[in-house]
Structures are given as C-alpha cells and as structure tokens.
Amino acid sequence: MGEKQINATPPPWLAERPRAKNVGADSGPAAGKRSASKPEDFATGDIESPADAAEERTQKLPRRVLGSAPARPSKAALVERVAEPERRAPRSVADLTTSVLLRPPVRVPTRGWRRAVHVLSGGAVNPGESPEEVVHRELVARLNVPIRGAYKIALLSLKGGVGKTTVTVCLGATLASLRGDRVVAVDANPDRGTLGQRVATETSATVRNLLADTAIDRYSDVRSYTSQAVSRLEVVASDTDPAVSEAFSEADYRQAMAVLERFYNIILTDCGTGLLHSAMTGVLDEADSLVLVSSPAIDGARSAAATLDWLDAHGYRELTQRTVVVINAVPARTRHLNMTALLEHFTARCRAVQVLPYDQHLEEGAEIDLDRLALSTRRAFEQLAATVAEDFPEAAGRHAQQGRR
C-alpha cells in the first residue's frame, strides 16, 4: 500500500479570516499580514488562546480606562462631588415630613362663586380659595400663636361712651372663637359696670362671690362664677347691687387675677373711665398690654391722647409702647375729621392703631353675637386680635424678664 497523503489544505474553520483589531494597535500593512492564521501556527504557538488575547487587549487599553491616571473631571462631576457630602448626611424619620411626601391639597372654597361651583359640580371642580380667603386664613394663623402662662390685656378709656365694653366683648369673643385656649373678661369698673349684660347670663354670681370663695382648686370651681357666650368667651360680672357701697379696689383686683391666671390663658379687663381710682394701679401693674379705645371725634381723640400723656408721666412708658389704639365706630364717611392726621398721631406713639367700622348690631347695646356683625366689622376685630397676639410670645411679653412666666 502506498503512503497516505495528508491533505495539507486547512479545514474550513481554519480558513483565513481577519482577526479582531487590538485596541491601541498600529494599523497598516503589518497589521494586515498578521490577520491570516495558518495551520502551522498552532504547533509553533503563534495562535493566541482567548484568555491570552483578552490579556493583550487589556494591556493595550488607554491608561485612563484602567484608572491608573484618571481623566480631568468635568464641571458637572465637580459639582456632583461638592454635593456628595450633603447626600451622605445622616437620614432620620424627621426627613419624612408631610410636605416632602404629599402634594399640598387644594383647599375647598368656603364662600362666593367658587363655593357654588364646587358644590354644583359635586366636588369635581375645585377652583380653590379666593385671595380674600387666603388672607383670612393667614390672619387666623397670626392670632393663634401659643401662649405660656396667662396674658393680661387691659382695655381703658378716659372718656365714657366710646364703646370700651363693646370692644372688650368683641375682642374676647374673637380670640375665644378662633383659639383653643380659655379666655375670660373681668369687669373691673369700680362703679356699676355693664360687661355682664353683653353676654347671655348664666349665673347671678359676680366678682365679689368669686373673691369670697377660698376653696377654688379646679376650673369647674371658677366656672360656676362665669357666664359663657356662644363664642366660648367667659365673663365675670361686676356687682350690680345698689346697696353695695364698697368699690372694687386694687387688692380685690390683684386677688381676682391670682385666681383667674391659674385657669385662663387670656384675661381681658374692662376698666372704668378714670385713671385715679384704686383698682387702676393694680390693672396697670398686672397688664401685659393695653387697648386704648377712642371715638372718631375730637373730644374722644383728645381724651385718648391725654391717657397716653398720663401713662408716660407716671412711669408706664413701656406699657404705652405696647398699647394698641382703637378708633371705634367709624362711619363710612367722616366729612370734617381728618382721620389721616389722627392715625398718624397715635401710630407715632403706640404699637399699632386699628380702625373699627360702625356696626348697627353693636349700636343696640344688647348681647353681642359675632355672627350678626357685618363682614367688615368681623374682619376688623380679627385684625385687632391678630395685632394684640403679636405680643403673645414669651420673649415679647412685658413681664417675661421678671420671671413671672
């Protein structure tokens, strides 16, 4: 038998085919010569295994890919690197606030055409609050600042008939209806006051009965001596018995405050028209702020200015600076009185000035119902309450540095 001839023709899978171009390798004729593989290359080791080829390609990669010489960072990368410590700040449950996790809801309108659209559409269309509703909501938030201890407001006027008692009830009722704490008004008129007649009478007890009770330990004990209006304002009436000849004195007032400040957050005092009676000394010493009521007339304005002069002359200048002047029952038109000059005078001397419009319900002199007030009057009293509440925080109170609170 003859020798078998070995077919030197390479199998199809060893046919010439171009090899993958190495990263970073030179191009040109030399690279083309190396693209063909011959059978004898296996015997001599010229054909690379897949692992060797991968290693060779890795060694020829640009240095910045391997990370040995990092590329110059871009501007965006630098900004991200600066923000990196902030992203790595410790996280806690405090980060999961409602404002972060929930979208702010669209508030439902409470009046006007917006309310009508919302109701008629069955709630499908919500045009949101009107600008006036937004302002009112912010106003209510202002007068709801927290109070630590008892805050005492004295309402006074040198001239009678300017509506001081009316302002006392309306201011107290506004605070009581829009806040969650207890509000009480005390009639400190040394003569026969009328504060108790401006709310529905629930008891015939007066401030004298309150002072005579030496076993008051709970709020329910005090509540038996007060009348509460629909607004939640409570009133301690003065003595109306004509047979009583003893006037309400400074000692009586301080004793009443010592009882009431244990159970109430806001105490309003309806003072008499004079400044020289005994109770007024205790009222001014205990008060955190004053509300000075005046009428939109020359005699009422002069009396209010004279009250401020008296306070400055008798050592109450700090209290004058915490005073809010109220121009009460201002008609829609004041033909002869220069209201601008009047407001400028009191603004320069006091903390604030509030104008209250004339209201027919308040002119009646009967029990006061806030729901019967005109909207403009209601908003004016809310503005007054918010202005008074600006002095509520502990750091701003008149007696804060004396350690009473």
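Note that residues are indexed from 1 along each chain, following the sequence as it is written. Restriction of local features to residues with pLDDT of at least 70 applies here, the model being predicted, together with a cutoff of 80 or more for giving and counting side-chain atom pairs; totals for whole chains, interfaces and linings are based on all residues. Note that the side-chain values use all heavy atoms of the structure and ignore hydrogens as well as water.

Participant: Teacher, can you tell me more about the pattern of salt bridges here?
Facilitator: We define a salt bridge as a contact between a side-chain nitrogen of Lys or Arg and a carboxyl oxygen of Asp or Glu at a distance within 4 Å. One pass over the structure, following the stated rule, counts 22 salt bridges. We note a salt bridge from Asp 285 to Arg 254, for which the minimum N-O separation is 2.8 Å. Linking Asp 285 in helix H13 (residues 278-286) with Arg 254 in helix H12 (residues 250-260), this pair joins segments that are 31 residues apart in sequence. Salt bridges here are not isolated pairs; linked through shared partners, they connect Lys 152, Glu 250, Arg 254, Glu 261, Asp 285 and Glu 286. Helix and strand definitions here come from DSSP, where helices need a minimum of 4 consecutive H or I residues and strands a minimum of 2 consecutive E residues; each element is numbered from the N-terminal end.

Participant: Help me understand the packing of aromatic side chains, please; the structure alone is not making it clear to me.
Facilitator: Geometry of an aromatic ring pair is reported as the spacing of the ring centres plus the angle between the planes. Here the aromatic set is Phe, Tyr and Trp, taking the six-membered ring for Trp, and pairing holds for ring centres within 6.5 Å; pairs whose planes are under 30 degrees apart are stacked, those over 60 apart are edge-to-face, and all others are tilted. This model, assessed by the stated rule, comprises four aromatic pairs. Ring centres 5.9 Å apart and planes at 65 degrees place the aromatic pair Tyr 219 and Tyr 264 in the edge-to-face group. One end of the pair, Tyr 219, is in helix H11 (residues 219-223); the other, Tyr 264, is in the loop between H12 and strand S5 (266-270), with 45 residues separating them in the sequence. Accessible area is worked out with a 1.4 Å probe on protein chains only. A residue is then buried under 20% of its type maximum, exposed over 50%, and partly exposed in between. Among the residues examined, Tyr 219 registers a relative accessible area of 22% and is labelled partly exposed. A residue is classified by how much of its surface remains accessible, and Tyr 264, at 1% relative accessible area, is buried. The interplanar angle of 90 degrees and the centroid separation of 6.5 Å between the aromatic rings of Phe 248 and Tyr 253 together place this pair among those described as edge-to-face. Residue Phe 248 is classed as buried on the basis of its relative accessible area of 6%. Take Tyr 253: its relative accessible area is 1%, and that puts it in the buried class.

Participant: When you look at the confidence of the model for the protein chain in this model, what are you seeing that I'm missing?
Facilitator: Predicted coordinates in regions of low pLDDT should not be interpreted in detail. Each residue carries a pLDDT value, the predictor's own confidence for that position, ranging from 0 to 100. In the predicted model, the protein chain carries a mean pLDDT of 81, and the fraction of residues at 70 or more is 74%. Within the model, pLDDT remains below 50 along residues 22-36, and this stretch shows 15 contacts once partners closer than five positions in the same chain are excluded. Residues count as neighbours in contact if any of their non-hydrogen atoms are within 4.5 Å of one another. Predicted confidence is poor over residues 63-68, with pLDDT under 50, and the contacts of this stretch with residues over four places away or in other chains come to six contacts.

Participant: Any chance you could explain the environment of Val 291 here in plain terms?
Facilitator: Turning to its location among the elements, Val 291 is positioned in strand S6 (residues 289-294). Taking the relative accessible area as the measure of exposure, Val 291 reaches 1% and is therefore buried. Here the alpha-carbon distance between Val 291 and Thr 323, two residues 32 residues apart in the chain, equals 5.7 Å. For Val 291, the residues in contact, after removing those within four places along its chain, are Ile 153, Ala 154, Leu 155, Leu 156, Leu 171, Val 324, Val 326 and Val 388.

Participant: How do you make sense of helix H8 (residues 131-142) when you look at a structure like this?
Facilitator: Structurally, the α-helix is built with 3.6 residues per turn, so residues lying three or four positions apart point the same way. Compared with the 16 Å implied by 1.5 Å per residue over twelve residues, the 17 Å span of H8 between its first and last C-alpha is a close match. Taken as a whole, H8 has its buried residues at Glu 133, His 136, Leu 139 and Val 140. When H8 is viewed along its axis, its buried side chains cluster within an angular range of 120 degrees and face the same direction. Away from the buried face of H8 by more than 90 degrees, exposed residues Pro 131, Val 135 and Ala 141 are located. An expected span of 1.5 Å times one less than the residue number is assigned to each helix. Each C-beta atom gives one direction from the helix axis, and the arc is the one those directions make.

Participant: Explain the environment of Thr 194 here, please?
Facilitator: Its location among the elements puts Thr 194 in the loop between strand S2 (183-187) and helix H10 (207-212). For Thr 194, a relative accessible area of 33% gives the class partly exposed. Remark: the alpha-carbon pair of Thr 194 and Thr 166, spanning 28 residues in sequence, is separated by 9.6 Å. Contacts of Thr 194, omitting those with residues within four sequence positions, involve Thr 165 and Asp 187.

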